[in-house]
Amino acid sequence: MQQHAGSARDMGEAGHAPTAPGAGDPTHVTFPGGAVHGTSTVLAVVPVDGRTAVITGQTPFHPVDHTWPDHPADRGSITVAGRRHPVVDCLIGAVEAGGPGTGTLRAGSDIPVRRDAEGWRWLVLHMVEDFEPAAVGEPCELTVDAPHRHALSAGHTACHLASLALNEAVAGRWRKETAADVAGVPDFDGAALVTSRIHPYGSRDTYRLGKSLRRKGFTTEGLAEELPRIAEQVTARIEEWIARDVPVRIVAEGPGVTDRRWMCVGEGEGALRFACGGTHAASTGRLGAASVTFVLSEDGAQLVMETTVRQPDGAAPNS
Ligand SMILES: [Zn+2]
């Protein structure tokens, strides 16, 4: 297991050095640089729905996003004064500054605004079963379950590669011009995706093939018969990415948990740049053999793509 916190790679590629946030700042996050461990200070301990949210100045923990909850939270622990507390969930929290709800912490799905809303302070909530309120102001150590992080990162990277490959595999089905994906291919994924769920070493994407998609010019005729070929093509494309071992990095606009971030695949002018708040494998070669399957609903209105990758043999458990 290798620790990445504070390396030159973090600072250069994320565009900023992790720094201690001041009062009123958002939680600063170090996971975009690959960190799975860090130290900080406990800023607040707040009861939320029968559990306790621990807020720190900085954290390596990736919280589940309340707006697009595709990527599950990191697991791990927070240690204060020698006592280790398992982090059972990790959510985004928001406190409105200057509005009617000023000072009230809202957690996860209770947050009434999107993650880019102005006038809110955005926080990472480390959810624990019990905690000493007296720990406020104390130093703490934050440790992410690195194999679990890597498994989710591999699943998320595979998910993006699968969506690109699917766009290519169904490109011939567009009868009208439509928006293009980051590779310049007609963006079926962007036009039809309803939900995306990342899980360890895989993902499940659900697409709606309804009237509105057909009106945009996508033909679904003969799709059921073509699915075996599409699955083969998508799997082969992901295998190509894996064989080429292309570097993947995350570029962040700032250190705050809700600052915009991009997943960049490749380097230089040819790099593909996805708006993405998740964590990723450090390169496509960190994914093991891929397999992609499709299930089309009986009425033909819903298509589910399941993508799985194996952990490469003999690889380190985290990237
Ligand atoms: Zn993503």
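Scroll up for the structure.
A brief structural summary. Every chain's residues receive numbers from 1 upward, in the order its sequence appears when written. For a predicted model such as this one, the threshold for reporting local features is a pLDDT of at least 70, and the threshold for listing and counting side-chain atom pairs is 80 or more; totals across whole chains, interfaces and linings nevertheless cover every residue. The side-chain figures draw on all heavy atoms in the structure; neither hydrogens nor water molecules are used.

Looking at the sheet that holds strand E12 (residues 202-208)
- Only strands that DSSP links by at least two bridges are regarded as paired with each other. A helix here means a DSSP run of H or I that spans at least four residues, while a strand means a run of E at least two residues long, and both kinds are numbered starting from the N terminus. One open sheet holds the 4 strands; their spatial order is E11-E12-E17-E16, and the pairing between them is antiparallel. Taken across any chain shown, the strands that pair with only one partner, and hence form the sheet edges, are strand E11 (193-199) and strand E16 (290-296). Adjacent strand axes in the sheet meet at a mean angle of 10° when their direction is disregarded.
- Of the strand pairs in this sheet, E11 and E12 are connected by 6 bridges, and their pairing is antiparallel. Residue pairing for E12: Ile198 is matched across the bridge by Ser203.
- Contacting E11, E12, E16 and strand E17 (302-309), helix H2 (residues 146-169) runs over the sheet at an angle of about 145° to E11.
- Note on contacts: a residue pair is in contact if any heavy atoms of the two residues lie within 4.5 Å. In this description, a line fitted to the C-alpha atoms serves as the axis of each element, helices being fitted only across the stretch in contact, and the angle between N-to-C directions of two axes falls anywhere from 0 to 180 degrees. The strands that helix H5 (residues 223-244) touches are E16 and E17; relative to E16, the one it contacts most, it runs at about 160°.

As for the packing of aromatic side chains
- Only Phe, Tyr and Trp rings take part, Trp by its six-membered ring, and two of them pair if their centres are within 6.5 Å. Stacked means planes under 30 degrees apart, edge-to-face means over 60, and tilted covers everything else. Scanning all chains against the criterion turns up 4 aromatic pairs.
- Pairing Phe188 with Tyr207 gives two aromatic rings, centres 5.0 Å apart and planes at 40°, and the pair type is tilted. Taken together, the residues span a long stretch of sequence, with Phe188 in helix H3 (residues 188-192) and Tyr207 in strand E12 at a distance of 19 residues.
- Classification of Phe188 as buried rests on a relative accessible area of 1%.
- Looking at Tyr207, the relative accessible area reads 0%, which means it is buried.
- A centroid spacing of 4.9 Å and a plane angle of 35° characterise the contact between Phe188 and Phe218, whose relative ring orientation is tilted. Here Phe188, found in helix H3, pairs with Phe218, found in the loop between helix H4 (211-215) and H5; they are 30 residues apart in sequence, far enough to count as distant. As far as burial versus exposure is concerned, Phe188 and Phe218 are alike and both buried.
- The structure contains a cluster of three or more aromatic residues connected by ring pairs, namely Trp174, Phe188, Tyr207 and Phe218.
- Each ring is checked for a lysine NZ or an arginine CZ that lies within 6 Å of its centre and within 35 degrees of its normal; such an atom marks a charge sitting over the ring. For Arg244, the ring lying beneath its charged end belongs to Trp241, and the centroid distance is 5.0 Å.
- Between the NZ or CZ atom of Arg273 and the centre of the ring of Trp262, over which it lies, the distance is 4.4 Å. Here's how the labels work: a residue is buried when its accessible area is under 20% of the maximum for its type, exposed when over 50%, partly exposed in between, all with a 1.4 Å probe on protein chains only.

Quick word on H2
- When the terminal C-alpha atoms of H2 are compared, their 34 Å separation across 24 residues agrees well with the 34 Å that a helix rising 1.5 Å per residue should span.
- Burial runs high along H2: 22 of the 24 residues are buried. Helix span, as expected, comes to 1.5 Å for every residue beyond the first.

As for the packing of H2 against H5
- Where H2 meets H5, the closest approach of the two axes is 9 Å, and the angle between their N-to-C directions is 130°. When the axes of H2 and H5 are compared, the pair comes out oblique. Two packed elements cross with a definite hand, and for H2 against H5 that hand is right-handed. Residue-level inspection shows Ala158, Leu161, Ala162, Leu164, Ala165, Leu166, Glu168 and Ala169 of H2 in contact with H5, the latter providing Arg229, Ile230, Gln233, Val234, Arg237, Ile238 and Trp241.
- Counted by class, the contact of H2 with H5 contains 11 nonpolar, 1 polar and 3 charged residues. Oblique is the label for every angle not falling under 35 degrees (roughly parallel), over 145 degrees (roughly antiparallel), or within 65 to 115 degrees (roughly perpendicular). Here a crossing is taken to be left-handed if its near helix is turned anticlockwise relative to the far helix by less than a right angle, and right-handed if that turn runs clockwise. Amino acids are sorted into nonpolar (Ala, Val, Leu, Ile, Met, Phe, Trp, Tyr, Cys and Pro), charged (Asp, Glu, Lys and Arg) and polar (every other residue, Gly among them).

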